[in-house]
Amino acid sequence: MLAIATQVASYAPLRAVPQGSPISVQMASGPMYDKPLAPAGMGQEFINSERKPLESYAGASVELFNGDTPWDPWSLSKLWKVSANNPDPAFLREAELKHGRLAMLAFAGVLATNGGVHLPGEFWLDADWTSSWGSVAAKNPAATSQIIVSIGLIEGKTAEGLFDLWLGNTEKREPGNLGFDPLKLYPTTAVAQEKMKLKELKNGRMAMIAMAGFASNHFIPGSVPGLNGFLP
């Protein structure tokens, strides 16, 4: 959820920033920038390297109330200027997309199980999303191991280029691009691609907010209007 704070969904038009090419970012002055803590050969070279700024990513359109810069009140997208130990906006976008995708899956899963849709078998009968996995694990302990192994395989396969994103290097892959599109839904034109990216980003952000609302209403009943009696 940290990355969501750096780039909030906007309905203003996107800035016309060329995609795929680094853009030099004006560095601030001061000892933290002029003399970064990271020594030469251990990250110092990345501090003054050319980076893609926040406004070059889909969804980071200019907010009308904020002049000519994207909405980033905590300046999280500029942490990389302080030290190479801090993430670049490319890594933050990767984290945001991953959390958004998982939240969309979770949102769909919660609604499905709450509506009585489940896998066949006695293991999956618990419709309460807050206790269903505990019920499955109690009836079939091996299921947890299967999930952990599956997560490890998926994470290992998709980890290529992840460290490069931390340092702002997008040569191996763009943030969120895992090369997985079995249904060939990704458009072929640049304009359509940007629209698809924005749709995924907005839906992912809304799903993260929705799942946070589900959790809040579970632990603090009545905290989210309309959920009482609908979800556990």
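Please refer to the structure placed before this passage.
The structure presented is a predicted model; accordingly, all values stated were derived computationally and were not measured.

A. Inspection of the overall build of the protein chain at higher detail. A tally of helices and strands in the protein chain yields seven helices and zero strands. Helices and strands in the protein chain line up, N terminus first, as α-α-α-α-α-α-α. Looking at the protein chain residue by residue over its 232 residues, the buried ones come to 30%. Considering only residue pairs separated by 6 or more positions, the protein chain has 70% of its internal contacts joining residues 24 or more positions apart. For the protein chain, the accessible surface area stands at approximately 14200 Å², while carbon and sulfur atoms represent 66% of it.

B. Representation of the packing of aromatic side chains within the structure. Considering all chains together, one arrives at four aromatic pairs under this definition. Each ring, one from Phe-123 and one from Trp-124, has its centre 6.4 Å from the other, and the planes form 80°; the classification is edge-to-face. The class of Phe-123 is partly exposed, set by a relative accessible area of 27%. For Trp-124, a relative accessible area of 28% corresponds to the partly exposed category. When the centroid spacing of 6.5 Å and the interplanar angle of 55° are considered together, the rings of Trp-129 and Phe-214 count as tilted. Here the residue Trp-129 occupies a position in the loop between helix H3 (89–114) and helix H4 (132–139), and Phe-214 occupies one in helix H7 (residues 190–219), the gap between them amounting to 85 residues. Here Trp-129 falls in the partly exposed class, since its relative accessible area comes to 23%.

C. Seen up close, the side chain of Asp-88. Here Asp-88 shows up in the loop between helix H2 (44–47) and H3. A relative accessible area of 1% means that Asp-88 is categorised as buried. Contact partners of Asp-88, with chain neighbours within four places excluded, come to Arg-51, Tyr-57, Trp-80, Leu-165, Trp-166, Leu-167 and Gly-168.

D. Expanded view of the nonpolar core. If you look at the biggest cluster of nonpolar residues, it comprises eight residues: Ala-103, Val-110, Ala-207, Met-208, Met-211, Phe-214, Leu-227 and Leu-231. Of all the elements, H7 adds the most residues to this core, at four residues. Leaving out residues up to four positions away in the same chain, Met-211 has contacts with Ala-103, Ala-106, Phe-107, Val-110 and Trp-129.

E. Spatial organisation of the pattern of salt bridges. Counted by the stated rule, this structure contains eight salt bridges. Between Glu-174 and Lys-52 there is a salt bridge, with the nearest N and O atoms lying 3.3 Å from each other. Of this pair, Glu-174 sits in the loop between helix H6 (162–166) and H7 while Lys-52 sits in the loop between H2 and H3, placing them 122 residues apart in sequence. Residue classification places Lys-52 among the buried positions, given a relative accessible area of 5%. Here Glu-200 ties to Arg-101 by a salt bridge, and the two come within 2.6 Å at their closest N and O atoms. Remark: Arg-101 occurs in helix H3 and Glu-200 occurs in helix H7; sequence separation between them is 99 residues. Via salt bridges that share partners, Arg-93, Glu-96 and Arg-205 belong to a single interconnected network.

F. Quick peek at unusual backbone geometry. Phi is positive for Ser-75, close to 55°, though the residue is something other than glycine. Assignment of secondary structure puts Ser-75 in the loop between H2 and H3. You can call Ser-75 partly exposed: its relative accessible area is 33%.

G. Broad picture of a nonpolar patch on the surface. Taken together, the side chains of Leu-183, Leu-185, Tyr-186 and Met-196 define a hydrophobic patch exposed on the protein surface, amounting to about 420 Å² of accessible area. Locating Leu-183 in the fold gives a position in the loop between H6 and H7. Residue classification places Leu-183 among the exposed residues on the basis of a relative accessible area of 66%.

H. Geometry of the packing of H4 against helix H5 (residues 142–158). Where H4 meets H5, the closest approach of the two axes is 6 Å, and the angle between their N-to-C directions is 115°. Here H4 is positioned roughly perpendicular relative to H5, judged by the angle of their axes. The segment H4 lies against H5, with Trp-133, Val-136 and Ala-137 engaging Ala-143, Thr-144 and Ile-147. Grouping the constituent residues of the contact of H4 with H5 by class yields five nonpolar, one polar and no charged.

I. Representation of the packing of H3 against H7 in the model. Remark: H3 packs on H7, axes separated minimally by 7 Å, with the N-to-C direction vectors making an angle of 60°. The pairing of H3 with H7 is recorded here as oblique in orientation. Crossing hand, H3 versus H7: left-handed. Contacts between H3 and H7 pair Arg-93, Glu-96, Leu-97, His-99, Gly-100, Arg-101, Ala-103, Met-104, Ala-106, Phe-107, Val-110 and Leu-111 from the former with Glu-200, Leu-201, Asn-203, Gly-204, Arg-205, Ala-207, Met-208, Ala-210, Met-211 and Phe-214 from the latter. Across the contact of H3 with H7, the residue classes break down as 13 nonpolar, four polar and five charged.

Rules of the game
- Residues numbered from 1 in each chain as written.
- Predicted model: local features only at pLDDT ≥ 70, side-chain atom pairs only at ≥ 80, totals over all residues.
- Heavy atoms only, no water.
- Helix = DSSP H or I, 4+ residues; strand = E, 2+ residues; numbered from the N terminus.
- Buried < 20%, exposed > 50% of the residue type's maximum accessible area, 1.4 Å probe, protein only.
- Contact = heavy atoms within 4.5 Å.
- Areas by Shrake-Rupley, 256 points an atom, 1.4 Å probe, with all protein chains shown as cover.
- Phe/Tyr/Trp six-rings, centres within 6.5 Å; stacked < 30°, edge-to-face > 60°.
- Core = buried A, V, L, I, M, F, W, Y, C linked by side-chain atoms within 4.5 Å.
- Salt bridge = Lys/Arg side-chain N within 4 Å of Asp/Glu carboxyl O.
- Patch = residues over 30% accessible without salt bridge, like charges linked within 9 Å, V, L, I, M, F, W, Y side chains within 5 Å.
- Axes fitted to C-alpha atoms, helices over the stretch in contact; angles between N-to-C directions.
- Parallel < 35°, antiparallel > 145°, perpendicular 65-115°, else oblique.
- Nonpolar A, V, L, I, M, F, W, Y, C, P; charged D, E, K, R; others polar.
- Left-handed = near helix turned anticlockwise from the far one by under 90°.

Any functional reading would require information beyond the geometric quantities listed.
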